[in-house]
Amino acid sequence: MKDIDAITALQDPVRRRLYEYVAAQGREVGRNEAAEATGVTRTLAAHHLDRLTGAGLLESGSRRLTGRSGPGAGRPAKVYTRARAEHAVSLPSRDYLTAAELLAEAAERAGLDVELRTAARRRGEALRGPATPCGSLAEAMETLAARGYEPHLEPADTLARTEGAGSDRITGAVGAPGAAPEATGPAPVTPGAVGPAEAAPEAPPAVVRMRNCPFHSVAERFPPLVCGMNLALLEGLLGTGGAVRARMDSRPGECCVVVEDSKNNQD
């Protein structure tokens, strides 16, 4: 009954707002920020955040939010993130996860990757119904949210942080691996300039990433099989040949698929 207790903890409307806010950030959230975002006092927010932690819905730790260290940096503050554990309730009891893992294992051993992707694409098309392919990233985000993917937009002006950059948070969009603007010739020379003018770097395109993978537990055991199935499902759901497209671009802790404007994917 532990899962029931955890889900029951969300019955309180303030607690539920706090949980939804922390879960939506995809990063550590302090008490002050959570209180301000949900319109409650810091003391009340701290009480409910700790209750959510005790219920197993959040995980807590401590960190200096100022970014400084050493004398005068202040005391570490308590921070919260969504817990990695899953909670589900079924009455009477059901075990769909074991069935899914057995089917995935059989498909992988039999080499049925192509057949599974074909079936997933058909299912996505059936879910989309007679609707035309998604016409914008905003429309795609609505569609993905309705399926539990928790999409969020990474703006074009936010660059991905590389390893060794001195940051413990990734806040930027990530383009196609290895992608770089292709040089088409020498840079133009500005009159009166000593050397060639430097061209301004192109901003990476905005992408939609998803904080939740609905197939996470099975994908952990069979990543190529399930991630390929997920991509095919979203291709059918969002439609192909339209304004957006889905592609594989995995990131730890998030869905392996991203969605972006198709005009940014001309190969």
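Predicted model, so just to flag it, every value in this text is computed and none were measured.

Reading the values: rules and limits
Residues numbered from 1 in each chain as written. Predicted model: local features only at pLDDT ≥ 70, side-chain atom pairs only at ≥ 80, totals over all residues. Heavy atoms only, no water. Core = buried A, V, L, I, M, F, W, Y, C linked by side-chain atoms within 4.5 Å. Buried < 20%, exposed > 50% of the residue type's maximum accessible area, 1.4 Å probe, protein only. Helix = DSSP H or I, 4+ residues; strand = E, 2+ residues; numbered from the N terminus. Contact = heavy atoms within 4.5 Å. Polar contact = N/O pair within 3.5 Å; in protein donor to acceptor, adjacent residues only side chain to side chain.

Engineer: Got a sec to walk through the nonpolar core? Specific residues and values, please.
Structural biologist: Among the nonpolar cores identified, the biggest contains 30 residues, and Leu-144, Tyr-149, Met-210, Leu-234, Val-257 and Val-259 are the most heavily contacted of them. Going through the elements one at a time, helix 5 (96-109), helix 7 (137-146), strand 5 (207-210), helix 8 (216-221), helix 9 (223-238), strand 6 (244-248) and strand 7 (257-261) are the ones with two or more residues in this core. For this core, the leading source of residues is helix 9, giving 10 residues. The contact partners of Leu-144, leaving out residues within four places of it in the chain, are Tyr-149, Pro-151, Val-208, Met-210, Leu-234 and Val-259. Listed in part, the 19 residues of the second largest apolar core include Val-22, Ala-23, Leu-49 and Ala-55.

Engineer: Describe the side chain of Thr-38, listing the residues and the values that go with them.
Structural biologist: Examined against the element boundaries, Thr-38 turns out to sit in helix 3 (residues 31-38). Exposure remark for Thr-38: the relative accessible area of 11% places this residue in the buried category. Engagement of the side chain of Thr-38 in a polar contact is seen with the backbone oxygen of Ala-34, the distance being 2.7 Å. Setting aside its immediate chain neighbours within four residues, Thr-38 contacts Arg-17, Leu-18 and Tyr-21.

Engineer: Hey, could you go over the side chain of His-48 for me, with residue numbers and the actual values?
Structural biologist: Tracing the chain through its elements places His-48 in helix 4 (residues 42-54). Judged by its relative accessible area of 6%, His-48 falls in the buried class. Ignoring sequence-local partners within four residues, the contact set of His-48 consists of Asp-12, Val-14, Arg-15 and Leu-18.

Engineer: Give a detailed account of the environment of Ala-23, specifying residues and quantitative values.
Structural biologist: As for its position among the elements, Ala-23 is in helix 2 (residues 13-25). Classification of Ala-23 as buried rests on a relative accessible area of 9%. Sequence-wise, Ala-23 and Ala-83 are 60 residues apart; in three dimensions their C-alpha atoms are separated by 8.7 Å. Among residues more than four places away in sequence, those in contact with Ala-23 are Arg-82 and Arg-211.

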